[in-house]
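Single-letter residue listing:
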Amino acid sequence: GAGVSQSPSNKVTEKGKDVELRCDPISGHTALYWYRQSLGQGLEFLIYFQGNSAPDKSGLPSDRFSAERTGGSVSTLTIQRTQQEDSAVYLCASSLVYKYNEQFFGPGTRLTVL
Amino acid sequence: AQKITQTQPGMFVQEKEAVTLDCTYDTSDPSYGLFWYKQPSSGEMIFLIYQGSYDQQNATEGRYSLNFQKARKSANLVISASQLGDSAMYFCAIPVYSGGTSYGKLTFGQGTILTVHP
């Protein structure tokens, strides 16, 4: 009965380095979402996957951000050439297809760019 | 474009009392839903309650109820009999629609920090 898991839980990196954040959704959930939560802010939508495809990438803040999903399961969010403004908590959620109102969130990855 | 506003940065309530967290929204979509999530200090977002815009009765889930006033575009969360474990950040959210579908994309308010005093 595992929920959504994310790794690492914390990541500290130097400006200019690339980072990969991983999300493992609930088994059977074909919809997967990435959000970003900056300090003191609400959640900001980044990208949505339906299976392995991403019909809506409009929330990705720049071309340094990319995401992929393989096998309809695990997803990786990659940030290239990290900047200090990328520091935030990155949250992943999953849901059954068409059950968008029941998104289950993971614990998040806290990214700190020095 | 959809917009969610939570005007209370922080709220305090005495244990066992009820508290109302405010949320107003603006959307041009004819059909939408309102969500409330709880985020404890652990960081995980916990889904609390959902109300569709065409639902006739206010949604209720245990101690949580949604005071939905469509004409005023408000969807306030009412927590009855507050418990110490209710201390957390609370977010109101609404789907963002593009081309008739939201793909589950949610727009969140800024959140309200609720502190329950013993």
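Above: the structure in question.
Residues numbered from 1 in each chain as written. Chains lettered and ligands numbered in written order. Predicted model: local features only at pLDDT ≥ 70, side-chain atom pairs only at ≥ 80, totals over all residues. Heavy atoms only, no water.

Trainee: Please give an account of the overall build of chain A that cites residues and values.
Mentor: Scanning chain A from N- to C-terminus turns up zero helices and 11 strands. Counting from the amino terminus, helix and strand elements in chain A follow one another as β-β-β-β-β-β-β-β-β-β-β. Taking 114 residues into account, the globule formula puts the C-alpha radius of gyration at 13 Å, and chain A, at 13 Å, falls close to it. Taking the intrachain contacts of chain A between residues at least 6 apart in sequence as the baseline, contacts between residues at least 24 apart amount to 54%. Summed over its atoms, the accessible surface of chain A is roughly 5300 Å², and 47% of this surface lies on carbon and sulfur atoms. (Helix = DSSP H or I, 4+ residues; strand = E, 2+ residues; numbered from the N terminus. Rg over C-alpha atoms; globule rule 2.2 N^0.38 Å. Contact = heavy atoms within 4.5 Å. Areas by Shrake-Rupley, 256 points an atom, 1.4 Å probe, with all protein chains shown as cover.)

Trainee: Let's hear about the interface of chain A and chain B: which residues, and what values?
Mentor: If you look at the interface, chain A gives 19 residues, while chain B gives 18 residues. Together, the buried faces of chain A and chain B total about 1600 Å²; carbon and sulfur atoms form 56% of this surface. The interface formed by chain A and chain B holds zero salt bridges in total. Put simply, chain A and chain B have one residue pair in polar contact (both at pLDDT 80 or more) between them. Listing elements by their share of the side of chain A that touches chain B, those giving two or more residues are β4 (31-37), β5 (43-50) and β6 (53-56) of chain A. (Buried area = accessible area lost by both parts, 1.4 Å probe. Salt bridge = Lys/Arg side-chain N within 4 Å of Asp/Glu carboxyl O. Polar contact = N/O pair within 3.5 Å; in protein donor to acceptor, adjacent residues only side chain to side chain.)

Trainee: Can you tell me about the side chain of R69 of chain A, naming the residues and giving the values?
Mentor: Residue and element names in this part refer to chain A. Summarising the element assignment, R69 is placed in strand β7 (residues 65-69). As a buried residue without a salt bridge, R69 has its nearest oppositely charged side chain in D24, at a separation of 8.0 Å. Separated by 3.0 Å, the side chain of R69 and the backbone oxygen of G51 make a polar contact. At 2.7 Å, the side chain of R69 and the backbone oxygen of G72 are in polar contact. Residues within four places of R69 in sequence aside, it is in contact with P25, H29, T30, A31, L32, F49, G51, N52, V74 and S75. (Buried < 20%, exposed > 50% of the residue type's maximum accessible area, 1.4 Å probe, protein only. Lys, Arg positive; Asp, Glu negative; His and termini not counted.)

Trainee: Requested: an account of the nonpolar core, with residues and values cited.
Mentor: Ranked by internal contacts, the top residues of the largest apolar core, which has 24 residues, are Y25, L34, W36, I49, L77, I79 and Y90 of chain B. Elements represented by at least two residues in this core include exactly β3 (19-21), β5 (33-39), β6 (46-52), β8 (64-69), β9 (74-79), β10 (88-95) and β12 (112-117) of chain B. Setting aside chain neighbours within four positions, we find Y90 of chain B in contact with Q6, L21, W36, Y37, K38, L48, L77, I79, G111, T112 and L114 of chain B. Within the second largest apolar cluster, 20 residues are counted, among which are C23, L32, L77 and C92 of chain A. (Core = buried A, V, L, I, M, F, W, Y, C linked by side-chain atoms within 4.5 Å.)

Trainee: An account of the pattern of salt bridges is requested, with residue identities and associated values reported.
Mentor: Residues and elements named next belong to chain B. Within this structure, the stated rule accounts for six salt bridges over all chains. Between K73 and D26 there is a salt bridge; the shortest N-O distance is 3.3 Å. Taken as a pair, K73 in the loop between β8 and β9 and D26 in strand β4 (residues 24-26) lie far apart in primary sequence, 47 residues in all. Residue K73 is classed as partly exposed on the basis of its relative accessible area, which comes to 29%. We note a salt bridge from R63 to D86, for which the minimum N-O separation is 2.8 Å. Of the two residues, R63 sits in the loop between β7 (60-61) and β8 while D86 sits in the loop between β9 and β10, which places them 23 residues apart along the sequence. Judged by its relative accessible area of 23%, R63 falls in the partly exposed class.

Trainee: Give a description of the layout of surface pockets that names residues and reports values.
Mentor: Picture a little ball the size of a water molecule; that probe, rolled over the atoms, points out where space is still empty. If you add up the space inside the largest pocket, you get close to 420 Å³. Considering only residue class, the lining of the largest pocket consists of nine nonpolar, 14 polar and one charged. Size it by volume and the second largest pocket reaches roughly 160 Å³. If you go around the second largest pocket, the residues you meet are G3, V4, I26, Q103, F104 and F105 of chain A together with E44, M45, I46 and F47 of chain B. Elements represented by at least two residues in the lining of the second largest pocket include exactly β10 (104-105) of chain A together with β6 of chain B. (1 Å grid on protein atoms, 1.4 Å probe; cavity = no way out; pocket = protein on both sides within 12 Å on 5 of 7 lines; lining within 4 Å. Points joined across faces, edges and corners; volume = space filled by probe spheres on them. Nonpolar A, V, L, I, M, F, W, Y, C, P; charged D, E, K, R; others polar.)

Trainee: Would you mind going over the state of the cysteines in detail, with residue names and values included?
Mentor: Under the defined criterion, the tally for this structure stands at two disulfides over all chains. Between the sulfur atoms of C23 of chain A and its disulfide mate C92 of chain A the distance is 1.8 Å. Disulfide C23 of chain A-C92 of chain A: the torsion about the S-S bond is -65 degrees, which places it as left-handed. Separated by 69 residues along the polypeptide, C23 of chain A in strand β3 (residues 19-24) and C92 of chain A in strand β9 (residues 88-95) bring together distant segments of the chain. By the burial criterion, C23 of chain A is buried, and C92 of chain A matches it. The disulfide partner of C23 of chain B is C92 of chain B, and the S-S distance across this bridge is 2.0 Å. Its S-S torsion of approximately -65 degrees makes the covalent link between C23 of chain B and C92 of chain B left-handed. Pair noted here: C23 of chain B is in the loop between β3 and β4 and C92 of chain B is in strand β10, with a separation of 69 residues, a long-range link. In this pair, the class of C23 of chain B matches that of C92 of chain B, namely buried. (Disulfide = S-S within 2.5 Å.)

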